[in-house]
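Remarks on the overall topology
Okay, here's what each chain looks like letter by letter:
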Amino acid sequence: MSPRSGVEPSAFPEGPPIQERVSSLEVLSPKEIDARLGDLGYRGQPEARRAASVLAYRHLRRIRRLYLEGLEPEPGTRENALFLGPTGSGKTFLVELMFREILGVPTVLADATQFSETGYVGDDVSTLLSRLYEAAERDAEWASCGVICMDEFDKLATSRSDSRFSGQQTTKDVSGFGVQRSLLHLLSAAQATFPPDFGFTSRIRSESLDMGCITFIACGAFSGFRGTAETMAHVERVGFGREPGKGGQKDLESIATRITEEHLENTTAFSRYGFIPELIGRFNRLVSFAPLDAATLGDILQDNVLRTWEREFAHEGLQLSVDPAVREWIVARAIKRETGARGLRTALAPALEQAAYEHFGHGKAATVRLVLKDDAVTTVRD
């Protein structure tokens, strides 16, 4: 039986031993990891990149100490991080590039909204380990060196209602508490069991995975959290001395706002927002992502969005040209709609699809320009 995973050696596929896998990983400093991110097209978020680069370096050192130096991880050294920031600010993209592309360790990205408490409709959180096991080519020891990223983590927040539907195994665990409790165990356990077949049958014995070196990252926009934290910091008075509200209406919080370190220090606000305090306490590092500014969005538009389309047009013998006015219009639209980098591709898609529909497949060389006309992007063929 393997001393690290608790499963029979015959359960491992034929492949490189774990020491060989770990020793083949390139050792990079935090600064070198950050530089690689830039080379791969990641733009903006200097503070978050710095924190994530250190997180990735420590993850690499931890698995090297265990498998190459024979040093067991010290209790309490496991790293879990919570990335908070508006949509389109690059949270999950950072995780994917840093751990899957740069470090090259098994990496799983999953949507939190598909999980449910055991016994209800939906995936059990233990299937996160099943996915990691698959990403590691069904090698449990290699999986124990991996990273799990749960996106839309803030959607697990609940109104703290203790109501439950009757009819166990036929309804959805809508409260969110069940998933939070399951994650609480996953983030703190030294070992955890998982169904290697994703729980589709009960005939296959569950396997055990060592959790000491697994890094867990949760990502979420946490819309409204800043308002929650600021409301709790404000002492409301009644009667004489009460300060009247501005305009008699509650201020609406913008979607693309930054959660500051001061807000993150208000741990009680997470409980008011709808999280079990112990769960938030399992995250060693809370990292805030800022809304992307116009200059950064312009760089992303050129380096990540347009460059992909330019290559595709080139394969068709076409040259894609985008007028500066179009670039400015697209960036301004993304900022106005508070959709971040995601909004760049969305705004461009209709015009590019129209150009592809009209000009792809003809085999004729030409230049296709995107121009701005009547506050809309249109195509012109030269």
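Looking up the chain in an unreviewed UniProt entry gives the name AAA family ATPase, with the organism given as Corallococcus macrosporus.

Next up on the list: the overall build of the chain. Looking only at helices and strands, the chain has 14 helices and 10 strands in total. The buried share among the 382 residues of the chain stands at 46%. Of the contacts made within the chain by residues no fewer than 6 positions apart, 75% connect residues no fewer than 24 positions apart. Accessible area for the chain stands at about 19,600 Å²; split by element, carbon and sulfur atoms hold 50% of it.

This model, assessed by the stated rule, comprises 15 aromatic pairs. Ring centres of Phe83 and Phe289 lie 5.2 Å apart, and the angle between their planes is 50 degrees; this geometry places the pair in the tilted category. One end of the pair, Phe83, is in strand E1 (residues 80–84); the other, Phe289, is in the loop between strand E7 (285–288) and helix H12 (294–315), and 206 residues separate them in sequence. As far as the burial class goes, Phe83 and Phe289 line up, both buried. Three or more aromatic residues link up through ring pairs in this structure, and these residues are Phe153, Phe216, Phe222, Phe225, Phe270, Tyr273, Phe275 and Phe283.

Okay, helix H14 (residues 340–359) next. For an α-helix the count is 3.6 residues per turn, leaving residues at separations of three or four pointing the same way. Here H14 spans 30 Å end to end across 20 residues, near enough to the 28 Å set by a 1.5 Å rise per residue. For H14, the principal kink sits at Ala349 and spans about 40 degrees; a proline, Pro350, occurs within the next four residues. Every buried residue of H14 is accounted for by Gly340, Gly343, Leu344, Ala347, Leu348, Ala351, Leu352, Ala355, Ala356 and His359. Against the buried residues of H14 lie H12, strand E8 (318–322), helix H13 (324–337), strand E9 (366–372) and strand E10 (377–381). Of the residues trailing H14, Gly361 is marked for its positive phi of about 90 degrees.

On to the sheet that holds E8. Ordered in space as E8-E9-E10, the three strands form an open sheet in which the pairing is mixed. The open sheet has two free edges, formed respectively by E8 and E10, since each of these has just one partner strand. Direction aside, neighbouring strands of the sheet carry axes that sit 25 degrees apart on average. Both E8 and E9 contribute to a ladder of five bridges, which runs parallel. When the sheet's bridge partners are listed, Leu320 is paired in E9 with Val368. Sitting on the sheet, H12 is in contact with E8 and E9, with an inclination near 150 degrees to E8.

The subject of this paragraph is the sheet that holds strand E3 (residues 147–151). Two pairing modes exist for strands in a sheet, parallel and antiparallel, and in both the strands are linked by backbone hydrogen bonds. Pairing is parallel across the open sheet formed by five strands, whose spatial order is E2-E3-E6-E1-E7. Edge positions in the sheet fall to strand E2 (107–111) and E7, since each has one partner strand and no second. The sheet shows a mean angle of 20 degrees between the axes of neighbouring strands, direction not considered. Alignment of E3 against strand E6 (residues 215–220), held across four bridges, turns out to be parallel. Note that in E6 the partner of Met150 across the bridge is Ala218. Strand contacts of helix H4 (residues 91–103): E1, E2, E3 and E6, with the helix running at about 160 degrees to E2, the strand carrying the most contacts.

Counted by the stated rule, this structure contains 13 salt bridges. Among the salt bridges present, the one from Arg100 reaches Glu96, with a minimum N-O distance of 3.1 Å. Residue Arg100 and its partner Glu96 are located together in helix H4, separated by four residues, close to a single helical turn. Glu96 sits in the partly exposed class, given a relative accessible area of 29%. A salt bridge links Asp323 to Arg369; the shortest N-O distance between them is 3.3 Å.

Looking now at H13. Spanning 14 residues, H13 covers 20 Å between terminal C-alpha atoms, matching the ideal 20 Å at 1.5 Å per step. Taken together, the buried positions of H13 are Val326, Trp329, Ile330, Val331 and Ala334. Positive phi shows up at Glu338, right after H13, with a value of about 55 degrees.

In this structure, Leu82, Phe83, Phe99, Phe153, Leu183 and Phe222 are the most contacted members of the largest nonpolar core, which totals 79 residues. With nine residues, the top contributor of residues to this core is helix H3 (residues 46–67). In contact with Leu183, other than residues within four places in its own chain, are Val125, Leu128, Met150, Phe153, Leu156, Phe216 and Leu279. Formed by 28 residues, the second largest nonpolar core is a distinct cluster that contains Leu318, Leu320, Ile330 and Val377.

What follows concerns the packing of H12 against H14. Put simply, H12 and H14 touch, their axes get as near as 10 Å, and they point 30 degrees apart. If you check the angle between H12 and H14, you find them roughly parallel. Of the two elements, H12 crosses H14, and the hand of that crossing is right-handed. From H12, Leu297, Ile300, Leu301, Asn304, Val305, Leu306, Trp309 and Phe313 reach across to H14, where they touch Gly340, Ala341, Leu344, Arg345, Leu348, Leu352, Ala355 and Ala356. The class makeup of the residues in the contact of H12 with H14 is 13 nonpolar, two polar and one charged.

Within the element layout of this structure, Arg61 appears in helix H3. Here the alpha-carbon distance between Arg61 and Cys213, two residues 152 residues apart in the chain, equals 9.9 Å.

The rules behind the values
- Residues numbered from 1 in each chain as written.
- Predicted model: local features only at pLDDT ≥ 70, side-chain atom pairs only at ≥ 80, totals over all residues.
- Heavy atoms only, no water.
- Helix = DSSP H or I, 4+ residues; strand = E, 2+ residues; numbered from the N terminus.
- Buried < 20%, exposed > 50% of the residue type's maximum accessible area, 1.4 Å probe, protein only.
- Contact = heavy atoms within 4.5 Å.
- Areas by Shrake-Rupley, 256 points an atom, 1.4 Å probe, with all protein chains shown as cover.
- Phe/Tyr/Trp six-rings, centres within 6.5 Å; stacked < 30°, edge-to-face > 60°.
- Expected span 1.5 Å × (residues − 1).
- Bend = angle between axes of the 7 residues up to and from the residue.
- Pairing = 2+ DSSP bridges.
- Axes fitted to C-alpha atoms, helices over the stretch in contact; angles between N-to-C directions.
- Salt bridge = Lys/Arg side-chain N within 4 Å of Asp/Glu carboxyl O.
- Core = buried A, V, L, I, M, F, W, Y, C linked by side-chain atoms within 4.5 Å.
- Parallel < 35°, antiparallel > 145°, perpendicular 65-115°, else oblique.
- Left-handed = near helix turned anticlockwise from the far one by under 90°.
- Nonpolar A, V, L, I, M, F, W, Y, C, P; charged D, E, K, R; others polar.

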